[in-house]
Amino acid sequence: MNRQDATKQFPDGGERLAELIDGSQPVELPTPDTDVPMVSRSVRLPLDTYERVRAAADARGIGVTTLMRQWIEAGLADLDESATVSLADVRRALAALAQPTAA
């Protein structure tokens, strides 16, 4: 029975609605993938950006949300001033080493 049918049949609630609820089958809820409490936030992305993120997540075999969480955590690690060398500096140095130098 959907919500609209239930509203027509039980406009003021009552005993019959309680019986319907009591007689329903239990529903299995999905198991959370983490023990850490999570906060849900909505992010607006241009379609082409989202498609690139989704492709990157698919290539890694993980979900879009997981990949975005990893990128946010990596970005925050870049801001961590307590590190001996910032992660951003390491990335810049590695990128410079990867580029061939002109002779």
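The chain carries the name Putative DNA-binding protein in an unreviewed UniProt entry, which gives Micromonospora polyrhachis as its organism.

**Comments concerning the nonpolar core**
If you look at the biggest cluster of nonpolar residues, it comprises five residues: Val-53, Ala-56, Ala-57, Val-64 and Leu-67. The set of elements that each furnish at least two residues to this core consists of α3 (47–60) and α4 (64–78). Looking at this core element by element, the count peaks at three residues for α3. Not counting residues within four places of it along the chain, the set of residues in contact with Val-53 comprises Val-64, Leu-67, Met-68 and Trp-71.

**Considering the layout of surface pockets**
There is about 450 Å³ of room inside the largest pocket. Lining the largest pocket are 13 residues; nearest its centre among them are Val-39, Arg-41, Thr-65, Arg-69 and Ile-72. By residue class, the composition of the lining of the largest pocket is eight nonpolar, two polar and three charged.

**A word on the packing of α3 against α4**
Two elements in contact, α3 and α4, have axes whose closest approach is 9 Å; the angle formed by their N-to-C orientations is 95 degrees. Here α3 is positioned roughly perpendicular relative to α4, judged by the angle of their axes. Contacts from Tyr-50, Val-53, Arg-54, Ala-56, Ala-57 and Arg-60 of α3 reach α4 at Val-64, Leu-67, Met-68 and Trp-71. In terms of residue class, the contact of α3 with α4 is built from eight nonpolar, no polar and two charged.

**Section: the environment of Ala-56**
With respect to the secondary-structure elements, Ala-56 resides in helix α3. In this structure Ala-56 comes out as buried when scored by relative accessible area, which is 17%. When the C-alpha positions of Ala-56 and Leu-67 are compared, they lie 8.1 Å apart, and in sequence the two are 11 residues distant. Each residue touching Ala-56, except ones within four places of it in the same chain, is listed here: Leu-67 and Trp-71.

Criteria and thresholds
Residues numbered from 1 in each chain as written. Predicted model: local features only at pLDDT ≥ 70, side-chain atom pairs only at ≥ 80, totals over all residues. Heavy atoms only, no water. Core = buried A, V, L, I, M, F, W, Y, C linked by side-chain atoms within 4.5 Å. Buried < 20%, exposed > 50% of the residue type's maximum accessible area, 1.4 Å probe, protein only. Helix = DSSP H or I, 4+ residues; strand = E, 2+ residues; numbered from the N terminus. Contact = heavy atoms within 4.5 Å. 1 Å grid on protein atoms, 1.4 Å probe; cavity = no way out; pocket = protein on both sides within 12 Å on 5 of 7 lines; lining within 4 Å. Points joined across faces, edges and corners; volume = space filled by probe spheres on them. Nonpolar A, V, L, I, M, F, W, Y, C, P; charged D, E, K, R; others polar. Axes fitted to C-alpha atoms, helices over the stretch in contact; angles between N-to-C directions. Parallel < 35°, antiparallel > 145°, perpendicular 65-115°, else oblique.

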